[in-house]
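What the coordinates show
Each chain, letter by letter, is given below.
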Amino acid sequence: MQRLKNKARELIEHAKPNLGVVGLFGFLGYPVYYLIWTYIFPQPYENLPLRIFCAFISIPWVLYQFIPKKFKDFFPLYFFFSLFIVIPYFFSFMMLKNAFSVEWSMSAMAGIFLLTLLISDRTVIILMTAAGFIAAYFTVLMLDGRVDYTYFIPEYIPIFLFSIVGSIIASHKQQQAYKSKIALMKSLSGSIAHEMRNPLNAITTAIASVQNTLPVKPGIDAATKSYYRLSHSGLIHIHDIIEESSLTLNSANKIIDSILTSLQGGEVVVDDFIRIKSDNAIETALRRFPYNDTREKEVISFEKITNFDFLGDRDLFFFVIFNLLKNALYYKEKNNFKITITTDATTSSNIIKVRDNGPGIKTKNIELIFESFYTSNKKGGNGLGLSFCRRVVESFGGTIHCNSKEGEWTEFTITLPKYQSKKVRDIKRKILYKKRILITDDDSANRLIISKYLSELHCQIDQAENGLQAVAMVSEKRYDLLFMDFEMPFLNGDRAVKLIRSAQNIEPSLALHYRDVPIIGITSLPKSEAKERAEQSGMNEVLSKPISIVTTKNIIEKYFFSDISTDRSEPVIIYSNKRILLVDDNETSRKIMRVMLEHYGYQIEEAFNGREALTQLEKNDFDLVLMDVDMPVMDGIEATRAIRSGKNFFRFRASKNIPIIAITGNSDEDSYRKLKEAGVDFHLCKPVFKDTLISTINILLKNDLPEENSMASNSNLDPAQEESGFWKTINSEHILDSSIIEELREIGGDELVVSLFDTFIGDSDKVIAALSRAFADEAINDFDHLIHSLKGTSGSIGANKIYLLSGYINEFSRIGKWPDNSLWMPTLKTFFAETIAAMKNHINILARQSS
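These notes cover the structure that comes with them. Worth saying up front: this structure is predicted, and the values here are computed from it rather than measured. (Residues numbered from 1 in each chain as written. Predicted model: local features only at pLDDT ≥ 70, side-chain atom pairs only at ≥ 80, totals over all residues. Heavy atoms only, no water.)

**Quick word on the overall build of the protein**
Let me state the cut-off plainly: Labels follow the DSSP assignment, with helices taken as runs of H or I lasting at least four residues and strands as runs of E lasting at least two, numbered in each case from the N terminus. Residue exposure (1.4 Å probe, protein chains only): buried if accessible area is under 20% of the type maximum, exposed if over 50%, otherwise partly exposed. Here the open area of atoms and residues is found with the Shrake-Rupley method and a 1.4 Å probe, where only the protein chains shown may cover a residue.
A count of helices and strands for the protein gives 30 helices and 17 strands. By the burial criterion, 48% of the 851 residues in the protein qualify as buried. When the accessible surface of the protein is split by element, carbon and sulfur atoms take 56% of a total near 43100 Å².

Set out below in structure tokens:
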């Protein structure tokens, strides 16, 4: 459906230059030619009602530029319907009714020429011409009972075919030339963007280098004030400037990508839309606007009649405000010039008005200013600003239009939907449809409840039964939010989160993502214990069970539609003394990058192109390659292919494994695909920010080290690795679960705890003996029943280690398999002994407390 819409939009764009002229010709020509063919050159047949109808439906073509925006969306459908009637059907019908007379045969040929003038696609021309003739033929057949061929001349057929084919070829050539111009413009825009990103990248790394030379930013309310060569407030001010500059650069990079997407026919990306407060956003925009002088700032005023929230992208909103201010300030030299920004609201919508008392706009040009490449003769304009502004505002679910009185004022009105409106809910649904959420809980009921809540919000949902399974799933898929239970068999939730945050053996792009992805703990543990464990593991927050639908919706709103930062402050682990080969043809970029990386303890060697990089790798040992893509002699893609092939080396043996990070100025999917196919491990788009670069380097260097904590690739453990994974983890678990024991005390007091412990201790020998017999007899069904009962009993009374081990064994027995190695029985006996000792000790403590 989207492809059809895009095709219709493309055909309308082609027809637009001739639409008004052809429409006017149709409106006047149809009735005028009735007089000509009736009274001057009489024809056998004429039809005034049909001509009046054709003239009437041609009127919207003439008025296309003045049609309101909301009706223009339906114009492609109307255009094709009316065009079908006005040209192929009308001329075929009149030719058939006049028995193929010479006059109407020539007129039909002229109609085909008109059709090729309006339609660029040869397939559409052929189909529309054929359909028009067939429809007209059957109409005549129904009206007259036959088709008259009195004046039909067979020699007309090759002439007709020649005319049709010739017109189509000429139109197609014209369209190809137009497409070539558009392709050239897109290519040019990509080149411009690339050239803009290079200085942006240099500025970014320069800022990072300056930041590295400064002391760590102190807290504003720090108890002790340290002394610097700069004042305390001065140092804070410098850091604030650097942080603000980084935000500005990041925003500029986003705008470049958005404008390029717009030029290439793509839609504004809504994936990162959040809830924005109007007053805060406008005040920030006014503060960040690049004024040329103080007078510009003085002529702008902001009147807050109503403050409201709206859904959108903050940086794109800034672009809209910047563009409206820049256009208005073009006339700042006018006497008493001023700009007023107002926020207001009605019962159904929110309104932002930007009004100036400049020279105004001619009424006939008001709608044209939103067309691409219309500049109203301003110096330095490219005609893209307001066109892109309209696309941005419409992506927010709103509209932008202009009112003006020539010589007095101009006012742009942005109308945005209420945050709780259906329009905003539809946009949020579109965003949430792309969000993937993982729910991890060993209790299937809890998983199903949260899944039901999230499915109502149209999110994509996956489920995991335990921590090991969750770790395996995140290493393969990108999740935008994780719900993680704490107490689970095999691997507790907080331990699983530690593994996920550590990013060991996760693909680099996923590893960077999971450093900051929101992870929400869900538990029945006491709040203080849960909070402490959550903070230590890297969870963002903890929810107490049971989870309600309101709580779930609040979490979604908080982490997907607010500007809350999910970045976590963690100490940066630097793998110092690692050797990095820096490959870039730009000497300034190499110098700045070298200073920044050496600050973190890396040893840097340089190469100025891909061929030099191959020579360096053959001579010296390196741990990582940082490769620019666009270089002379041999670019980054060629160099990466050469490295991965290994054909250029005799001494160097790590060609297949050495991590390679590509730095590129191109952000399109095709460029990324080529980099991946060449063998690049990870790519960064310019401008590259310090934190992202250092994190990427550390992740790749960490994954290149011998494994410390293996990320599970599946939920079953390798029998050959008896001391790893689950067996290694379970030994560090608590013998007893104090939270469950405390709950038992709250229910039945110390007496209940003592009674349950005594019963468990008394039955322990019988349980072990029964399991041993079932195993010896290979009675898997009996064994499964016994181990499942042990799992339930031990979990209920807080025998934590036995519960985890029996749950692990039960995962095998319930599918008719025996445990995967010989450790289970000795380990189970050891855990029973430890648990009995711990229970007896706990009983003694309770006895002393009661006495």
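**Description of the packing of aromatic side chains**
Heads up, the rule is: In this analysis, rings of Phe, Tyr and Trp, with Trp reduced to its six-membered ring, are considered paired at centre separations within 6.5 Å, and the interplanar angle assigns stacked below 30 degrees, edge-to-face beyond 60, and tilted for intermediate values.
Tallied over the entire structure, the rule returns 33 aromatic pairs. With 6.0 Å between their ring centres and 15° between their planes, Tyr89 and Phe93 make a pair best called stacked. With Tyr89 and Phe93 both in helix α5 (residues 75-97) and four residues apart, the pair spans about one turn of that helix. Take Tyr89: its relative accessible area is 14%, and that puts it in the buried class.

**Description of helix α20 (residues 549-560)**
Rules: The span expected for a helix works out to 1.5 Å for each residue beyond the first. By arc we mean the arc of the directions from the helix axis to the C-beta atoms, nothing more.
The end-to-end C-alpha distance of α20 is 16 Å, a good match for the 16 Å that 12 residues give at a rise of 1.5 Å each. Within α20, the full set of buried residues consists of Thr552, Ile555, Ile556, Tyr559 and Phe560. On an axial view of α20, the arc spanned by its buried residues comes to 95°, and they lie on one face.

**Quick notes on the sheet that holds strand β10 (residues 481-485)**
Operational definition: Pairing between strands is defined by DSSP: at least two bridges between them are needed. Each axis is a line fitted through C-alpha atoms, taken for helices only over the stretch in contact, and angles between the N-to-C directions span 0 to 180 degrees.
Strand order in this open sheet of five strands is β9-β8-β10-β11-β12, and the pairing throughout is parallel. A strand with exactly one partner marks an edge of an open sheet, and here the two such strands are β9 (460-464) and β12 (541-544). When the angles between neighbouring strand axes are averaged without regard to direction, this sheet yields 20°.

**Re the pairing of strand β8 (residues 436-440)**
Applied cut-off: Throughout, right-handed denotes a crossover for which the path from the first strand over the helix to the second runs clockwise when the strands point away from the viewer.
Along β8, four of the five residues are buried, which leaves the element largely enclosed by surrounding structure. Summarising the sheet, β8 and β9 pair through five bridges and their orientation is parallel. Following the sheet pairing, Leu438 is matched in β9 by Asp462. Taken together, β8, helix α15 (residues 444-456) and β9 constitute a β-α-β crossover, and its handedness is right-handed.

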